[in-house]
Amino acid sequence: MNFYGQKVIDAFFQNFYHERIEIAKQVGKHYNKQLDISLLTFWFSVVDFYGGIYYIGKNNRKETYDRNPPNGHNLKFAHKQSFIEFIKDFFPAPENELGEFLYTVFRSGIVHQLSPKKGELLWDSCNPKLIWVKVDARNPANTANKVATINIYRLEQLSYAAYKEFRRKIEYGELVTECERIFNLLLAISDGLEDGITIHNQYDKLSPSVQTQITI
């Protein structure tokens, strides 16, 4: 593994991430019914995070929320296109074609309204399908006759395998150019993910009294 690959592994595949991914995988086996939304959100976050990293390496650019952000900040790290591209390149066919569907119907629904957009959640370790759509043939209204179901167990399988494959490709030198770009755009500069400036800006917005209460 070359210099850039090692830097990416050290930064984004450290134990903080790896241990939680392994724990979530074990938790799902025993508590999937109690934690279905939490598990679904977690695996979407895995795709979001590694999709954001991969997108920068693949496309050699960082997206921002504003075209001309102040002081070069306002990073748009995880977004719809990065989610889609990660699934396209790291999920197997035919599931790799479902990125936009997953993002729009399930991920956005869960994040913004605590439920899929007219969808259902299921954990079924015996069902090989990731999603399926029930169409009510008795209802002629195209916008009202469909309900989508996601199999969280299958999403976990695919997301975990994608995470492992992304790491493997880095370790075996299959993403040398991408790793160099990730290093240059995220790691070679101070606060590349803008975590530091984010917490500073939010802290700075607090009233002095609140700052005093929470500062140690």
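These remarks concern the structure in this document. Keep in mind it's a predicted model, so treat the numbers as computed, not measured.

Looking at the side chain of E178
Step number 1: Mapping E178 onto the fold places it in helix 7 (residues 176-187).
Step number 2: One buried charged side chain, E178, makes no salt bridge at all; its nearest oppositely charged neighbour is R181, positioned 5.6 Å away.
Step number 3: Leaving out residues up to four positions away in the same chain, E178 has contacts with G57 and K58.

Considerations on the pattern of salt bridges
Step number 1: Applying the stated criterion across every chain yields a total of 14 salt bridges.
Step number 2: Residue E85 pairs with K58 through a salt bridge whose shortest N-O separation is 3.7 Å. On the criterion of sequence distance, the pair formed by E85 in helix 4 (residues 80-90) and K58 in helix 3 (residues 36-59) is long-range, its members being 27 residues apart.
Step number 3: Looking at E85, the relative accessible area reads 11%, which means it is buried.

Considering helix 2 (residues 15-31)
Step number 1: Look at helix 2: 23 Å from first C-alpha to last across 17 residues, which is about the 24 Å you get at 1.5 Å a residue.
Step number 2: Contact partners of the buried residues in helix 2: helix 3 and helix 6 (152-171).

Remarks on the sheet that holds strand 3 (residues 119-122)
Step number 1: Within the open sheet, the three strands sit side by side as 3-5-4. Their pairing is mixed. Both outer strands of the open sheet, strand 3 and strand 4 (131-135), are each paired with one neighbouring strand and no more. Strand-to-strand, the axes of this sheet are offset by a mean angle of 20°, without reference to chain direction.
Step number 2: Its contacts with the sheet place helix 5 (residues 99-113) against strand 3, strand 4 and strand 5 (146-151), and it is angled at close to 105° to strand 5.

Regarding the layout of surface pockets
Step number 1: Taken as a whole, the largest pocket spans an internal volume of roughly 150 Å³.
Step number 2: What lines the largest pocket is simply F16, Y17, R20, I21, F42, S45, V46, F49 and Y50.
Step number 3: Where the lining of the largest pocket is concerned, the elements lending two or more residues are helix 2 and helix 3.
Step number 4: At five residues, the largest contribution of residues to the lining of the largest pocket is made by helix 3.

Describing unusual backbone geometry
Step number 1: Backbone torsion omega between A93 and P94 reads 5°, so that peptide bond is classified as cis.
Step number 2: Relative to the helices and strands, P94 resides in the loop between helix 4 and helix 5.
Step number 3: Positioned with a positive phi, D191 is a non-glycine residue whose angle comes to about 60°.
Step number 4: Considering the arrangement of structural elements, one finds D191 in the loop between helix 7 and helix 8 (195-205).
Step number 5: For D191, a relative accessible area of 29% corresponds to the partly exposed category.
Step number 6: The phi angle at E194 is positive, at roughly 65°, despite the residue not being glycine.
Step number 7: Within the secondary structure layout, E194 lies in the loop between helix 7 and helix 8.

Describing the environment of I150
Step number 1: The topology assignment puts I150 in strand 5.
Step number 2: Given a relative accessible area of 0%, I150 falls into the buried group.
Step number 3: Taking the C-alpha atoms as reference points, I150 and D124, 26 residues apart in sequence, are found 9.7 Å from one another.
Step number 4: Excluding residues that lie within four positions of it along the chain, I150 makes contacts with L40, F44, L102, F106, E120, L121, L122, L130, I131 and L155.

Rules and cut-offs
- Residues numbered from 1 in each chain as written.
- Predicted model: local features only at pLDDT ≥ 70, side-chain atom pairs only at ≥ 80, totals over all residues.
- Heavy atoms only, no water.
- Helix = DSSP H or I, 4+ residues; strand = E, 2+ residues; numbered from the N terminus.
- Buried < 20%, exposed > 50% of the residue type's maximum accessible area, 1.4 Å probe, protein only.
- Lys, Arg positive; Asp, Glu negative; His and termini not counted.
- Salt bridge = Lys/Arg side-chain N within 4 Å of Asp/Glu carboxyl O.
- Contact = heavy atoms within 4.5 Å.
- Expected span 1.5 Å × (residues − 1).
- Pairing = 2+ DSSP bridges.
- Axes fitted to C-alpha atoms, helices over the stretch in contact; angles between N-to-C directions.
- 1 Å grid on protein atoms, 1.4 Å probe; cavity = no way out; pocket = protein on both sides within 12 Å on 5 of 7 lines; lining within 4 Å.
- Points joined across faces, edges and corners; volume = space filled by probe spheres on them.

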